[in-house]
Amino acid sequence: MKDQSMSHMQTSPEVVTFGESMALMLPMGNKGIEYSHTLECTFGGAETNVAIGLARLGIRVGWFSQLGEDPLATMMIKALRGEGVDVSRVKCTTAASTGLMMREVIAGQSSVYYFRRNSAASLMSPAMLDEAYIAGARILHVTGITMAISETACQAVIEAVRLARKHGVKVSFDPNLRLKLWSVEKARQFILPLAAEADYFLPGLDELKLLYGINDESALFAKLHELGNVCVVKGGDYENVLLQGGKEARIPYFAADHVVDTVGAGDAFCAGFLSGLLRNKSLEESVRIGNLLGSMVIQTEGDWQGLPTMAQVEAKLSRKVHVER
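None of these values were measured; they are calculated from a predicted model.

Calculation notes
- Residues numbered from 1 in each chain as written.
- Predicted model: local features only at pLDDT ≥ 70, side-chain atom pairs only at ≥ 80, totals over all residues.
- Heavy atoms only, no water.
- Axes fitted to C-alpha atoms, helices over the stretch in contact; angles between N-to-C directions.
- Helix = DSSP H or I, 4+ residues; strand = E, 2+ residues; numbered from the N terminus.
- Parallel < 35°, antiparallel > 145°, perpendicular 65-115°, else oblique.
- Left-handed = near helix turned anticlockwise from the far one by under 90°.
- Contact = heavy atoms within 4.5 Å.
- Salt bridge = Lys/Arg side-chain N within 4 Å of Asp/Glu carboxyl O.
- Buried < 20%, exposed > 50% of the residue type's maximum accessible area, 1.4 Å probe, protein only.
- Polar contact = N/O pair within 3.5 Å; in protein donor to acceptor, adjacent residues only side chain to side chain.
- Pairing = 2+ DSSP bridges.
- Core = buried A, V, L, I, M, F, W, Y, C linked by side-chain atoms within 4.5 Å.
- Arc of directions from axis to C-beta.

**Digging into the packing of helix α2 (residues 46–56) against helix α10 (residues 265–278)**
Between two packed helices, what matters for the description is the angle formed by their axes and the separation of those axes.
Step number 1: In contact at an axis separation of 8 Å, α2 and α10 are set at 45° when each is read in the N-to-C sense. Overall, the two elements α2 and α10 adopt an arrangement that is oblique. Considering how the two elements wind past one another, α2 and α10 form a crossing that is right-handed. Contacts between α2 and α10 involve Ala46, Asn49, Val50, Gly53 and Leu54 on the former and, on the latter, Asp267, Cys270, Ala271, Leu274 and Ser275.

Printed below as a string of C-alpha cells:
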C-alpha cells in the first residue's frame, strides 16, 4: 500500500485543481440566444480555465471532477487531454448528466443561463478524493464555485484543503462568488474560513466588499492583513493589489488593445500568478504575469481560447515586435 501511494505522489502534477466544468453554448455572431439558429458548443469552468492556462505555460497540472456518461463529457475530456491537462482522476457516472450553460452578450452586457441542478459534478463528495494525488502536488487550487454547487461538493473542497495542508501542499483559493448559486450570507459561512486557511487568497474587489460587508478599501484591506497570508485583490482601478506581511503593492494592468470577452479574466490571472510562483518568481512578478494573462485572454472570445503560451507571454514581457509575414 505504501509503495502504491508513493507511486501516485511521484506522478502527481505540480498543480491539482477540481470542480465543475460545463458544456457552453454560444450564439454565433452578436445575436441573443432566442434569435440565433445555430449555437457553438464548447465548455467552460473556473478550474478548467486555470488548468488550461497553466498547461499552456508549461506547468504540469491535473483537473478532476465528476461528469455524466454523455458526449458533452467526452468532448471536454478530449479537449483537456489535448491541452496537456491530466484528467486521469476524472470520474463519469450514469446517475446524472454533465452540466450545461448558455451565454449571450447583448449591447455589451453578458448574461449566463445555467442548467446544472443535480448535475454529475454536484454529486462530488470527499469520498472521491485521491489523497496521494493531492499530496504529491505543490499547489492545490480551489474555488468557491465548487463549494456552492452542493453540500457534498462543498465538503469535498474543505477536505481537499485539509489533505493539502496535512501534506505541506500550498493552497490557492479564488472565492469566485456566484450569487445565482447561493446567497452572500451563506457564502460568508464557508468562503471566509477557507480564506484564512489558504496560502494564496485571490478575490475580486467587488466580491470582497459583499463578503465582508465593507465598502471602505482601507478597512477592507485591514481585514485581509489579519488573515496573515498572501492576498491578491483583483479588479481595482487599473491595478491589482498584493497584500502580504502588512504591506501593499499595487501592480498596474497591461493595456488590452481590443476587449472582446471579459469572461475568464480572473481565471487567466490565477494561472499566470501560480505559474510565476512555480517558476520561483517574486510575488510582484507573479502578479505581473497574472495581469498580462488577464489582458490577453479578454481579447479573444471564449473562456479559455485566448490563453497564451509561455513563448507568447515572454514575447509580450520583452516587448518583441510581432512579425505578421
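**What about the pattern of salt bridges?**
Step number 1: Evaluation of the coordinates by the stated rule reveals twelve salt bridges.
Step number 2: Note that Arg138 is salt-bridged to Glu14, the shortest N-O span being 3.5 Å. Placement of Arg138 in the loop between α4 (131–135) and β9 (139–143) and of Glu14 in the loop between α1 (2–11) and β1 (15–18) is noted, with a sequence separation of 124 residues between them.
Step number 3: Take Arg138: its relative accessible area is 39%, and that puts it in the partly exposed class.
Step number 4: According to the relative accessible area criterion, Glu14 is buried, its value standing at 15%.
Step number 5: For Glu285, the salt bridge goes to Arg288, with nearest N and O atoms at 3.6 Å. Highlighted residues: Glu285 and Arg288, both in helix α11 (residues 283–297), separated by three residues, approximately one helical turn.
Step number 6: Take Arg288: its relative accessible area is 30%, and that puts it in the partly exposed class.
Step number 7: Linked by salt bridges that have partners in common, Glu217, Glu239, Glu248 and Arg250 make up one network.

**Some words on the side chain of Asn240**
Step number 1: You can see Asn240 is positioned in strand β13 (residues 239–244).
Step number 2: Polar side-chain contacts of Asn240 include one of 2.6 Å to the side chain of Asn291.
Step number 3: Leave out the neighbours within four places in its chain, and Asn240 touches Val232, Val233, Lys234, Gly235, Ala249, Arg250, Ile251, Tyr253, Phe269, Val287 and Asn291.

**A short note on the sheet that holds β13**
Step number 1: Strand order in the open sheet formed by eight strands is β4-β1-β9-β10-β11-β12-β13-β14, with mixed pairing between adjacent strands. Only two strands of the sheet have a single neighbouring strand rather than two, namely β4 (61–64) and β14 (247–252).
Step number 2: Strand direction decides the pairing type here: β1 and β9, joined by three bridges, are parallel. Directly across from Thr17, in β9, lies its bridge partner His141.

**A look at unusual backbone geometry**
Step number 1: In this structure, Asn118 is a non-glycine residue whose phi angle is positive, near 60°.
Step number 2: Tracing the backbone through its elements, the reader meets Asn118 in the loop between β8 (109–115) and α4.
Step number 3: With relative accessibility at 60%, the residue Asn118 sits in the exposed group.
Step number 4: Residue Tyr238 is not a glycine yet carries a positive backbone phi of 65°.
Step number 5: Inspection of the secondary structure puts Tyr238 in the loop between β12 (230–233) and β13.

**Some words on the nonpolar core**
Step number 1: Membership of the largest hydrophobic core comes to 95 residues, with the highest contact counts inside it found for Phe18, Val85, Leu140, Leu224 and Phe273.
Step number 2: The contacts of Leu224, once residues within four sequence positions are left out, are Phe201, Leu208, Tyr212, Cys231, Val233 and Leu243.

**Some thoughts on α2**
Step number 1: With eleven of eleven residues buried, α2 lies mostly within the body of the structure.
Step number 2: Within the span of α2, buried status applies to Ala46, Glu47, Thr48, Asn49, Val50, Ala51, Ile52, Gly53, Leu54, Ala55 and Arg56.

**Concerning helix α8 (residues 205–212)**
Step number 1: If you check which residues of α8 are buried, you get Leu205, Glu207, Leu208, Leu211 and Tyr212. Looking straight down α8, one finds that the buried residues subtend no more than 160° of arc, so they occupy a single side.
Step number 2: Where α8 is buried, its residues contact β10 (170–174), α7 (184–197), β11 (200–201), α9 (217–227) and β12.
Step number 3: Remark: Gly213 follows α8 within two positions and exhibits a positive phi of approximately 65°.

**Topic: the pairing of β9**
Step number 1: Among the five residues that make up β9, five are buried, leaving the element largely enclosed by the rest of the structure.
Step number 2: Residues Ile139, His141 and Thr143 line one face of β9 and the alternating positions Leu140 and Val142 line the opposite face, and both faces are buried.
Step number 3: Where β9 lies against β10, five bridges are found, and the strand directions are parallel. In the strand pairing of β10, Ile139 is matched with Lys170.

**Focus on the pairing of β1**
Step number 1: Covered by surrounding structure in β1 are Val15 and Thr17 together with Val16 and Phe18, the residues of both alternating faces.
Step number 2: Across four bridges, the pairing between β1 and β4 is parallel. From the neighbouring strand, Thr17 faces β4, where its bridge partner is Trp63.

On their own, these measurements won't tell you what the molecule is for.
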